[in-house]
Structure formats: C-alpha cells, structure tokens
Amino acid sequence: MTTAVAARGLEGIVAANSGICWIDGDAGVLAYRGIDIHELAQRSSFEETAYLLWFGALPTVAQLADFRKNLAAARTLPPEVLRLLESLPKNGTPMEVLRTAVSALSFYDADEKNNDHDANVRKSYRLTAQIALIVACYDRIRKGKPVVAADPTLSHAGNFLWMLTGEKPSPTAEKAFDTALILHADHELNASTFAARVIAATLSDAHSAVTGAIGALKGPLHGGANEAVMRILFAIDKAGADPVEYVRQMLADKKKVSGFGHRVYHTEDPRATHLRRMSEDLCKASGNSKWFEMSRKIEVYIKEEKKLNANVDFYSASMYTTLGIDVDLFTPIFAVSRIAGWAAHIIEQLDDNRLIRPRAEYIGPEYPAPYTPIEQR
Ligand SMILES: CC(C)(COP(=O)(O)OP(=O)(O)OC[C@H]1O[C@@H](n2cnc3c(N)ncnc32)[C@H](O)[C@@H]1OP(=O)(O)O)[C@@H](O)C(=O)NCCC(=O)NCCS
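Residues numbered from 1 in each chain as written. Predicted model: local features only at pLDDT ≥ 70, side-chain atom pairs only at ≥ 80, totals over all residues. Heavy atoms only, no water.

## As for the pairing of strand E1 (residues 21–24)
Argument step 1. Burial along E1 is one-sided: the residues Cys-21 and Ile-23 are buried and none of Trp-22 and Asp-24 is.
Argument step 2. Sheet analysis places E1 next to strand E2 (residues 29–32), joined by 4 bridges and oriented antiparallel. Paired with Asp-24 across the bridge in E2 is Val-29.
Argument step 3. Counting the residues in the hairpin turn of E1 and E2 gives 4 residues, including Gly-28, whose phi is positive at 70°. (Buried < 20%, exposed > 50% of the residue type's maximum accessible area, 1.4 Å probe, protein only. Helix = DSSP H or I, 4+ residues; strand = E, 2+ residues; numbered from the N terminus. Pairing = 2+ DSSP bridges.)

## Examining the pairing of E2
Argument step 1. Here E2 runs beside strand E3 (residues 35–36); their pairing, made up of 2 bridges, is antiparallel. Of the residues in E3, the one forming a bridge with Ala-31 is Asp-36.
Argument step 2. In sequence, E2 turns back onto E3 through a hairpin of 2 residues, with Arg-33 there showing a positive phi of about 50°.

## Some points on the site of the ligand
Argument step 1. Around the ligand lies a shell of 17 residues, among which Lys-256, Val-257, Gly-259, Phe-260 and Arg-263 are the nearest.
Argument step 2. At a separation of 2.5 Å, an oxygen atom of the ligand approaches a polar side-chain atom of Lys-256.
Argument step 3. Note that a nitrogen atom of the ligand is positioned 2.8 Å from one of the backbone N or O atoms of Phe-260.
Argument step 4. Starting from 850 Å² of accessible surface for the ligand in isolation, the protein chains cover 63%.
Argument step 5. When residues are assigned to domains, the shell around the ligand turns out to be shared by domain 1 (21–222 + 329–351) and domain 2 (228–322), each giving three or more. (Near = heavy atom within 4 Å. Polar contact = N/O pair within 3.5 Å; in protein donor to acceptor, adjacent residues only side chain to side chain. Areas by Shrake-Rupley, 256 points an atom, 1.4 Å probe, with all protein chains shown as cover. Domains from an automatic or database assignment.)

Remember, this is a structural readout, not a statement about activity or role.
Now the structure itself:
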C-alpha cells in the first residue's frame, strides 16, 4: 500500500522533463524554447513558431521556406475522410467531428505504425495541415456549401480562413488570427498535452495521442472554455442584462465564470494581454465594440471581486466572434493551433520514452475485505 498524499488534480507535480515550454506562473512568463511569448506574438508567424517547437530553434530563411512548403503540400484529406465528414450526424459538434476524423486519418497515413523520429515529424506536418482542413471543410459541409480547395500560396492562418469562408482574408484578419495561433500553440503539460504524452508513451501512435488530446481539449475546464465564454456573452446580450449583474449572479449561484482562473498563472496570463488588445482593435475596426466592452466590464468585476485574472479563453471569444467565426468552432480552432504543441511533445516523448504510469493513494475498503458468497449478500 502506498503512503503518499495525493496532489488533487496533480497540482504542482512535475511529471516530465521537457525542453519545449517554460511557464513562470507568479511572474506571468510564458516562453517557447526560451523565447518570450510577447516577442513571438509580435514578431513571429505560426509556421515559424511550430518550427521552433518541433526542432528546438528558430529556422533560417531556407528552413522556414521548406517548412511552409511541407505544410502546404500536406493540405489534403483522403476522399474517405471527406466522405466521413459528409456522413456524420448534423447535430454533432465540430469538436466531436474533429476527434472522429483525426482518428480516422490513421487508416490512410503511410506512417501510422511507424513511431521513429522522422515518421513522427512527417505525421506532425500532416496532422497540422489536416486538422485545419477538417475544421474548415466540415463547417462548409454542414452549411451545405462546397468545400474550398486549399491554396498553397497562403499561410496556415490565411489558408484556414480562406477555406472556411471562401474569401481571401484581409491582412488585418489574417495577422490577428495568425497571432492567436501563436499564442495557443503550446502550454507545457496542460491537460490535453499531458493526455497526448501519456498515450504516446505506451508506444501507441501519434493519431491515437492526438485523438485523445482533442478529447481532453473539448472539456469546458480546458479548451471548451472559449465557447462557454461566448455563450455567456450571448446570454447577457439576449437578456439585455447588465454584464456585471449577470456574472455577480453566476458567482452567487456558485457557478464558475468561464475564461477566468488558471492552475499555473497567479497573475495576468501573458496570452490574455495580446488577445485583449486584438479583441479591442478588431471590435473597434468592425464598428461594433459591444462584445469587447461587455468582456472588459466582466474582467474588471471578476478581478475586483474574486482576484481572478482573465485567461487565454476569455478574449479569444469576442475576437473570434468579431472575425465572423461560429462559436462552436472556437475549440476546434484551439486544436488547429495546439496541434503544434501536441506534435512537439509527442516527438519529445518518443525520442526518450518511458511509460507514464503513476500510482494512486488507495482510499477504498480495508484489505483484506471478505468475499461474501452471492447467496449470503
Ligand atoms: C482553470 C481552472 C480549471 C483551474 O482550476 P483549479 O486550479 O483546479 O482551481 P479551482 O477550480 O480549484 O479554483 C480555486 C478557487 O477559485 C475559484 N475559481 C476558479 N476559477 C473560477 C472561475 N472561473 N469562476 C469563479 N470561481 C473560480 C474556485 O471556485 C475555487 O474557489 P474555492 O476555493 O472557494 O472553492 C479554473 O480556474 C476554472 O474552472 N476556470 C474556468 C474554466 C476556464 O476558463 N478554463 C480555461 C483555462 S485556460
């Protein structure tokens, strides 16, 4: 029998050595491979950031061109997976569809059973390109619109918006979306990444690890929070309610307000700093600042009342809505970005693998408990 006291939710437990992402939750610092997220948000691109996460250093001009070429070349879905997207129930959520379709991709991936380093890198390109395609194509299919062909000349962000809307995005929209992808790309051992590493560590395969990660991301305590934030804003708007009164009532009813709080950050989530600014800029540019202003009032109140800070999911909600994106695509879009981090962690895990198998503190009936024959129970 073990004697350790379990840390609820593994809080504060160090469960892996990793060279990918560093967080200082007290100082509000997030860095990918040592480079501050603020610098990446302002100066990098999603492709460059994904390269950094996978290969450990910023790419040269030639390496970045190669990375973009490989990613663009992987922008294709097996026809069977496209047919699967058409056949899934129309009342399924895009996140469930993404989970199912990513699992199905393994049937058509030449490297499915190959867990070596190079095969994992090849699968990382494909999964990164294909997750974006699945989200964009499924949204077109469910709306009865024709699927838009990928454009290899566009960036990952630009191509996603193009395939989603059928229109070339404005430079402002593309830049804002690209920055959101950078900000969401990795976050150390968050729940979905940990799930991916646990699955990869059994020597299963990358598609299984990513499918499991998508399942973990879906929950409202993790990636599903961005959708939940927008549903709160919609409810406030529909009821014509005062935003502060609305969340005051939520707290009085002992409900959590999505988009606030964090297991690791005890100060401002550095990603929220950028998302707040982008939400404000995009709302103002659209001539309708309603969602931003509502969000800001809630943020000020929650900070004052509960000392809780807005997290990555709070302002991404108003930002994506202002970009014209449907609310049930927010969490799938989180996956469009987070696949970069999942892939980096799967590669890192399998480069130096050991099965992840912790222990539980046993709190059940005392051993040895009697076995009572069924006729005497
Ligand atoms: C992120 C989150 C899951 C972290 O969870 P955690 O580290 O287990 O922290 P807890 O849920 O134990 O919260 C600690 C305290 O703060 C409160 N709290 C945390 N987040 C809160 C929120 N969003 N709204 C209201 N109260 C909150 C809890 O009720 C708890 O209070 P108590 O000690 O009086 O019971 C949690 O803050 C949360 O549920 N946030 C909303 C969902 C969300 O935005 N998730 C995305 C994270 S990036």
